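# Architecture at a glance
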Amino acid sequence: MESEKQHFRHILLFYYRKGKNAVQARKKLADVYGEDVLTVRQCQNWFAKFRSGNFDVEDASRSGRPVEADKDTIMALIDANLRITTREIAERLKSNSTVVYMYVVIY
């Protein structure tokens, strides 16, 4: 998903450098990728960023500490009870953050 976002941002930068405006660039993207590719507002935000001299198409880093859980502990909880819910996992880990359900494929 992230590489797709960057792909669209590169295309927006291309159209910006060609002298197009955000609405024109969005129309070109929608013609190729479909109407739900990006909103006009998203394109305008990126064009504003380009106008300010910032041509970085990466997402800006966000403040705050990334939350990491001990995968081994999560797997042990799942192994002990295959019907455990993500809410129960979060409670047992004493975490207020979201626990994302993950699929484990064993061959």
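These remarks concern the structure in this document. (Residues numbered from 1 in each chain as written. Predicted model: local features only at pLDDT ≥ 70, side-chain atom pairs only at ≥ 80, totals over all residues. Heavy atoms only, no water.)

## Notes on the side chain of Gln 6
Along the polypeptide, Gln 6 turns up in helix 1 (residues 2-17). Other than its neighbours up to four places away in sequence, Gln 6 contacts Val 57 and Glu 58. (Helix = DSSP H or I, 4+ residues; strand = E, 2+ residues; numbered from the N terminus. Contact = heavy atoms within 4.5 Å.)

## Some points on the side chain of Lys 49
With respect to the helices and strands, the residue Lys 49 is situated in helix 3 (residues 40-51). Apart from the residues within four sequence positions on either side, Lys 49 is in contact with Asn 54, Asp 56 and Glu 58.

## Regarding the nonpolar core
Grouped together as the largest cluster of nonpolar side chains are 16 residues, with contacts concentrated most on Phe 8, Leu 12, Leu 29, Val 37, Leu 38, Phe 47 and Phe 50. Breaking this core down by element, the ones donating at least two residues are helix 1, helix 2 (22-33) and helix 3. The greatest single-element share of this core, amounting to five residues, is contributed by helix 1. Aside from chain neighbours lying at most four places away, what touches Leu 12 is Ala 25, Leu 29, Leu 38, Cys 43, Trp 46, Phe 47 and Phe 50. (Core = buried A, V, L, I, M, F, W, Y, C linked by side-chain atoms within 4.5 Å. Buried < 20%, exposed > 50% of the residue type's maximum accessible area, 1.4 Å probe, protein only.)

## Considerations on the packing of aromatic side chains
This model, assessed by the stated rule, comprises eight aromatic pairs. With a centroid separation of 5.6 Å and 50 degrees between ring planes, the pair formed by Tyr 16 and Phe 50 is classed as tilted. Here Tyr 16, found in helix 1, pairs with Phe 50, found in helix 3; they are 34 residues apart in sequence, far enough to count as distant. Phe 50 gets classed as buried once you look at its relative accessible area, which sits at 0%. In this structure an aromatic cluster arises from ring pairing among Tyr 16, Trp 46, Phe 47, Phe 50 and Phe 55. (Phe/Tyr/Trp six-rings, centres within 6.5 Å; stacked < 30°, edge-to-face > 60°.)

## Observations concerning the environment of Ile 89
Tracing the chain through its elements places Ile 89 in helix 5 (residues 86-92). Residue class for Ile 89 comes out buried when judged on its relative accessible area of 4%. Residues Ile 89 and Leu 77 lie twelve residues apart in sequence; the distance between their C-alpha atoms is 7.2 Å.

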